[in-house]
Amino acid sequence: MIENKVVVITGASSGIGEASARLLARQGAKVVLGARREDRLKAIAESIEAEGGSAAFVAMDVTSPADNDAIIRLAEDRFGCVDVIFLNAGLMPTSPVSALKTDEWNAAVDINIKGVLNGVAASMPLFLAQKSGQVIAVSSVAGLKAYPGSAIYGGTKWFVRDFMEVLRMESAMEGSNIRTSTIYPAAINTELLGGISDPTAAAAMKNLYSQYAISPERVASVVSFAIDAPEDTNINEFTIGPTSQPW
Ligand code: NDP
């Protein structure tokens, strides 16, 4: 069931996070939006509320444990609990290893890996106390297969896959009643390509996306499906892409 669930979403200022927030709010969830661009969050929250939904927002950086604690606190203060944390914030600085874009490597590790860990660390005490909760994380098809240009990005997404699978197993073994879902999108039409600074990689990805990308609303429907699953059910390991995608 989605209605009245409190859903914290990181990376809610654009793309998959924004589309998920809008869909879930239309389905009756109370959404709590986090990302760095506060103006975008404010506009999205206002438009959700104008349509009759419930939304709160806070500017946050997923690399900061304190910011992750703060968004959980906001959700509790405004809506009384957290039922779902959707760990979606990420960036994709595609480039060949030989380009040695080490600052981008570190940013990808900090946001895509440590951001997920910080979100879990912030929400887990509450989920354990409630004896319920759901962690949804976004990996990528680059977390399932190796792609040239994606050594670091893909590595961060392989991490998400491994981490979420172990979290699923441990939650079952410990009887903590924490549900886990991991989503593996292919090419999705969002702002993600804007983070690619290598011109050759950027052109190749743009070409690929022009052929195969689908809308973030498609991914939002998977997020919604995972939340709506029966409460004793994990919806795990979803890949999502167009029927035409050959790779
Ligand atoms: P967008 O660039 O549209 O969205 C990324 C979101 O992450 C933005 O809201 C951005 O907000 C937020 N974000 C980035 N860095 C931080 C940070 N340090 N702290 C808080 N928020 C941050 O791209 P997508 O919607 O496509 O990306 C969402 C997820 O989907 C990512 O994890 C991405 O890797 C994954 N994915 C996307 C695919 C695609 O083809 N688009 C394919 C496979 C996976 P802000 O800048 O305001 O902080």
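Fair warning: this is a prediction, and the values are worked out from it, not measured in the lab. (Residues numbered from 1 in each chain as written. Predicted model: local features only at pLDDT ≥ 70, side-chain atom pairs only at ≥ 80, totals over all residues. Heavy atoms only, no water.)

> What should I look at first to understand the overall build of the protein in this one?
Helices and strands together make up the secondary structure of the protein, namely seven helices and seven strands. When the helices and strands of the protein are read in sequence order from the N terminus, they spell out β-α-β-α-β-α-β-α-β-α-β-α-α-β. In terms of overall size, the protein behaves like a compact globule, its C-alpha atoms giving a radius of gyration of 17 Å where 247 residues would be expected to give roughly 18 Å. Reported as C-alpha extents along the three principal axes, the dimensions of the protein are approximately 50 × 45 × 35 Å. Burial analysis of the protein (247 residues in total) assigns 49% to the buried set. Carbon and sulfur atoms make up 54% of the accessible area of the protein, which amounts to about 11,000 Å² in all. (Helix = DSSP H or I, 4+ residues; strand = E, 2+ residues; numbered from the N terminus. Rg over C-alpha atoms; globule rule 2.2 N^0.38 Å. Buried < 20%, exposed > 50% of the residue type's maximum accessible area, 1.4 Å probe, protein only. Areas by Shrake-Rupley, 256 points an atom, 1.4 Å probe, with all protein chains shown as cover.)

> So what exactly am I meant to see when it comes to the nonpolar core here?
Here is a general trend for soluble globular proteins: nonpolar side chains tend to be buried in one another's company. With 32 residues, the main nonpolar core has Ile9, Leu24, Val31, Leu33, Ile136 and Ile227 as its most contacted residues. For this core, the secondary structure elements donating two or more residues are strand E1 (6-10), helix H1 (15-26), strand E2 (30-35), helix H2 (38-50), strand E4 (84-87), strand E5 (133-138) and helix H7 (216-228). Considering each element in turn, this core owes the most residues, five residues, to H7. Once residues lying within four places of it in the same chain are set aside, the contact partners of Val31 are Val7, Ile9, Ala21, Leu24, Ala25, Ile48, Ser54, Ala55, Ala56 and Phe79. Val6, Val8, Val120 and Ile178 belong to the second-largest nonpolar core, a separate cluster that totals 26 residues. (Core = buried A, V, L, I, M, F, W, Y, C linked by side-chain atoms within 4.5 Å. Contact = heavy atoms within 4.5 Å.)

> Just checking my understanding: could you explain the packing of helix H3 (residues 65-79) against helix H4 (residues 102-130) for this structure?
Helix-helix packing: each pair is described by the crossing angle between the helix axes and the interaxial distance. Two elements in contact, H3 and H4, have axes separated by 9 Å at closest approach and are oriented at 40°. If you check the angle between H3 and H4, you find them oblique. By crossing handedness, the relation of H3 to H4 is classed as right-handed. Contacts between H3 and H4 involve Pro65, Asn68, Asp69, Ile72 and Glu76 on the former and, on the latter, Gly115, Asn118, Gly119, Ala122, Ser123 and Leu126. Its residues placed into classes, the contact of H3 with H4 shows four nonpolar, five polar and two charged. (Axes fitted to C-alpha atoms, helices over the stretch in contact; angles between N-to-C directions. Parallel < 35°, antiparallel > 145°, perpendicular 65-115°, else oblique. Left-handed = near helix turned anticlockwise from the far one by under 90°. Nonpolar A, V, L, I, M, F, W, Y, C, P; charged D, E, K, R; others polar.)

> Sorry, what's going on with the UniProt feature "domain: Ketoreductase" (unreviewed entry) in the protein here?
On the UniProt side, "domain: Ketoreductase" (unreviewed entry) is annotated at positions that read residues 5-181 here. The span residues 5-181 carries 53% helix and 18% strand; its end-to-end C-alpha distance comes to 16 Å. (UniProt positions renumbered as here; feature names shortened; annotations may be inferred.)

> Just to check I follow, could you spell out the site of the ligand for this structure?
Near the ligand there are 29 residues, and of these Arg36, Arg37, Tyr153, Thr190 and Tyr209 occur at the shortest range. Between the ligand and Asp61, the relevant distance is 2.9 Å, taken from a nitrogen atom to a side-chain nitrogen or oxygen of the residue. Between a nitrogen atom of the ligand and a main-chain N or O atom of Val62, the distance comes to 2.9 Å. Contact with the protein chains removes 96% of the 880 Å² of surface that the ligand exposes when unbound. When atoms are counted within 2 Å of each cavity's grid points, the one that captures over half of the ligand is the largest pocket. (Near = heavy atom within 4 Å. Polar contact = N/O pair within 3.5 Å; in protein donor to acceptor, adjacent residues only side chain to side chain. 1 Å grid on protein atoms, 1.4 Å probe; cavity = no way out; pocket = protein on both sides within 12 Å on 5 of 7 lines; lining within 4 Å. Sits in = over half its atoms within 2 Å of the grid points.)

> Is there a simple way to explain the layout of surface pockets in this structure?
A probe as big as a water molecule, rolled over the atoms, marks out the empty space that is left. Considering only enclosed or pocket space, the largest pocket measures out at about 970 Å³ in volume. Forming the walls of the largest pocket are 44 residues, and the residues nearest its centre are Gly90, Leu91, Met92, Tyr153 and Leu192. Going through the elements one at a time, H1, helix H5 (151-174) and helix H6 (199-212) are the ones with two or more residues in the lining of the largest pocket. Residues that form the lining of the largest pocket fall into these classes: 25 nonpolar, 14 polar and five charged. (Points joined across faces, edges and corners; volume = space filled by probe spheres on them.)

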